[in-house]
Amino acid sequence: MFKLCVGLEIHMQLLCQSKLFCSCSASFSSAPNRHICPICLAYPGAMPSLNHQAVVLAVRMGSALRAQICNTSAFDRKCYFYPDMPKAYQITQYRHPLIQGGYLDLDHTRIRIREAHLEEDSARTIHYPDKGEIGLDFNRAGLALLEIVTEADFCDASQASDFLKKLHRMAIDLGVSKGKMEEGSFRFDVNISIIPLTGKTQGRVEIKNLNSFRLLEKAINYEKIRQMELIENGGMVASETRSFDASLGITVPLRKKDSINDYRFLPEPDLGTLHISNDEIEAYSRNEALKDSCLEQSSNII
Amino acid sequence: MLQVILESYQTHEDQLHRQNCKLNAFISRTSLSESSLYPSYLSTTNPSLPLYGISVGVKDNIAVKGFPLSNGSRIMKDFVCPYDAFVIQKLRSAGAWIMGKTNMDEFAMGSSNEFSAFGPAINPHHPSYVPGGSSGGSAVAVASGMCSMALGSDTGGSIRQPASFCGVVGIRPSYGLVSRYGLSAFCSSLDQIGPLAKDVDSAFKLLSIIAGHDPRDNSSFHLEYEQLPENSNVTTFGIIKELDQIPMKDDVRNAYEFLKQQLSKEFQLKELSLSHFKYALPAYHVICDAEASSNLARYAGTHLGDRVNSTHYQSMLKQSRSLLLGTEVKRRIILGAYFLSSQGGQDFYHHAINAQKHIRIEMERIFEKVSFVLSPTTPDTAFRFGGKKDPVAMYYSDICTIPSSLAGLPSISIPFGKSREGLPLGMQIIGARFSEKTLHRLAKKIEELSLV
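Residues numbered from 1 in each chain as written. Chains lettered and ligands numbered in written order. Predicted model: local features only at pLDDT ≥ 70, side-chain atom pairs only at ≥ 80, totals over all residues. Heavy atoms only, no water.

Draft legend 1. Looking closely at the interface of chain B and chain A. Taken together, the 42 residues of chain B in the interface contact 35 residues of chain A. A per-residue breakdown of the area chain B buries against chain A is headed by Asn218, Arg298 and His303 of chain B, which together make up 24% of the total. Across the chain B-chain A interface, the total number found is 11 residue pairs in polar contact (both at pLDDT 80 or more). Residue assignment for the side of chain B that touches chain A shows that the elements contributing at least two residues are helix H9 (277-295), helix H10 (313-324), helix H11 (327-340) and helix H12 (346-369) of chain B. Broken down by element, the side of chain B that touches chain A gets its largest block of residues, 4 residues, from H9 of chain B. A breakdown of the residues in the side of chain B that touches chain A according to their chemical character gives 19 nonpolar, 15 polar and 8 charged. (Contact = heavy atoms within 4.5 Å. Buried area = accessible area lost by both parts, 1.4 Å probe. Polar contact = N/O pair within 3.5 Å; in protein donor to acceptor, adjacent residues only side chain to side chain. Helix = DSSP H or I, 4+ residues; strand = E, 2+ residues; numbered from the N terminus. Nonpolar A, V, L, I, M, F, W, Y, C, P; charged D, E, K, R; others polar.)

In structure tokens form, the structure reads like this:
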């Protein structure tokens, strides 16, 4: 006897005019490196300034999910080396996310939201396999993302897919995100584990960067069978990150979780605490038009 | 008037030409700072501007458009900066002339200038002695008359210590008074840009120009220099007991005792305790290294900095950073990464932040009782090249300057006589946050006493 446990992490690009920490345009450009500046290129000395429009949109989404919007939240540096990360750290909200709790009801189930937070997007890597080179397009670097993390409340693939469809619709209707999956403005990771009703606890598999509901269902169903067969044959499911190969319809290992990345989180010293009053939360949640003058960044200085 | 300005500039330019090959104060000058352009700059600049005609040296970790921004490092030696720092915009609108970029310890990590990838700057008072660091090039440039004033940056003493070693005035402003936008980050929560100059008035003049609110730096305070408070009723000087008791070179001790004695004629001297003093140096290094490990991670050979080519990203990254970063920088990055790692290291960071909090609170209490705190800037005078091989001995050079850095307080080093070998001595005054205007008045007083 087994129970399937599925959780989702959704990255939605917020529908802002500019990037999360600089004034570069956030509009989509197919020509690479058109929307760049010293801040999103991480040039020495350039410092981030929070785009308050992103806060407004995140609050609106959070309220629609019946979540608690925190009056104070903060930013952290998540440090890791990867060519698409210009500072070699991502500014995210690790210790004090903006949004906590919340839920979204499906027909027969309530899916709980664990938290949601603001973070910046990475650059886009362009592979040139024939030349053995990788190109970097920084148009995407620094775009505002809202990452929404659910509890592992899904027990099958169709539920996960229904949830995503509903969330996607909401985000578009609320004007929070364009939701264009082909442009990467709405993408998701899925965590899949099997809980045997008797026997040993099994590992958890994460599948990264899916951008279609159909692929999500396929990936979950494939993993479910793969993991069940492993357990039935007396094996153990390893905690790892896998990717879904759409052409073969299978998941393949990317990296083991036991060599887990140590992200060396550090409170972001260049951004103060983010304070939002209850009045602001109420105004942003009511879907009010942005009043430029009152959107000065409110942050304290220690 | 114009003649005077031209002559003064020519003196600096001649000095630079003659001396820089020996003193290594400036590490880059571009076509933008060519002396042939100076007359046309004068004719196109408004003569009533406060820094009209004044030549300013800029530490090479501050962004100046069209100039290199090497940070004293091999990895960034070919980087030409496309934008101006806030302080440079301020300098330009005050009519200043940028003389060039000055030498520094790599990424501002060091107290002797020996960690510059361009070779160290040399103390103009004696060629076998270090100028101090990390803003050594700026201190040497001012002390040797290659420019009128200079900008440096101070994280734990990087303006005050070289100012003291070279016999010039150096100010570390209150954290948040001067925007850090355009200053290459080393330890963001402690870094500050500040002025170095020959005398107290000039240093504060430069400070008054570069200070002010900048919306692009979130830690920048909503305060212009003119709005700073002034306290006309200064009656007491504080002496921090723990700082008073550290071992000091005899000449430093004598000058310090002499100054105390002179000041006691006019002010009440009060001894106070900073019970967390012993944690200042270790806490400072844990915080700095932790922040530095993230701030310097961007120099990875991808889009920033030179690289060692390789077929794989990981080996390119490893080889570029191994080869192109200096030993001290790598030491601190590795320590910093450890302090933030989940394998037990994180405790160090939290303890250090906690210690900093205690020091800050204690310092605030001290300034409820006294207007200013006096100490030597360094326990030692300039030392010989190669004289401090042990990193911890080198770190100890900042023992007097670190407490005010951790507490975000303004402090100034004022030249105060010379040692028997003819090396300059410096005295430090620390003030309450944003007390710069009053600090100016008292620094003048000490400057006058130094001439007695």
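This is not the end of the story, as more comes after the structure.
Draft legend 2. Up close: the confidence of the model for chain A. Here chain A averages 91 in pLDDT, while 93% of its residues score no lower than 70. Below a pLDDT of 50 lies the segment residues 289-302 of chain A, which in the model reaches 30 contacts outside its immediate sequence neighbourhood of four places, other chains included. (pLDDT = per-residue confidence, 0-100.)

Draft legend 3. Structural detail: the sheet that holds strand S2 (residues 55-59) of chain B. Residue and element names in this part refer to chain B. If you trace the 11 strands from one edge of the open sheet to the other, you get S1-S3-S2-S4-S6-S5-S10-S11-S9-S7-S8, paired in mixed fashion. The two strands at the open ends of the sheet, each matched to only one other strand, are strand S1 (26-28) and strand S8 (268-272). With strand direction ignored, the average angle separating the axes of adjacent strands in the sheet is 35 degrees. Taken together, the 2 bridges between strand S5 (residues 169-172) and strand S6 (residues 192-197) define a ladder with antiparallel strand orientation. Bridging across to S6, Val169 finds its partner in Ala197. Running at roughly 155 degrees to strand S4 (residues 149-154), helix H4 (residues 136-143) makes contact with S1, S2, strand S3 (97-102), S4 and S6 of the sheet. Relative to the sheet, helix H15 (residues 436-450) contacts strand S7 (236-240), strand S9 (372-376), strand S10 (411-418) and strand S11 (424-431), its axis offset from that of S10 by approximately 5 degrees. (Pairing = 2+ DSSP bridges. Axes fitted to C-alpha atoms, helices over the stretch in contact; angles between N-to-C directions.)

Draft legend 4. Representation of the side chain of Gln90 of chain A in the model. All names here are of chain A. With respect to the helices, strands and loops of the structure, Gln90 is situated in strand S5 (residues 89-92). At a separation of 3.4 Å, a polar atom in the side chain of Gln90 contacts the side chain of Glu119. If near-sequence neighbours (up to four positions away) are discounted, Gln90 is found in contact with Asp76, Arg77, Lys78, Met85, Glu119 and Glu120.

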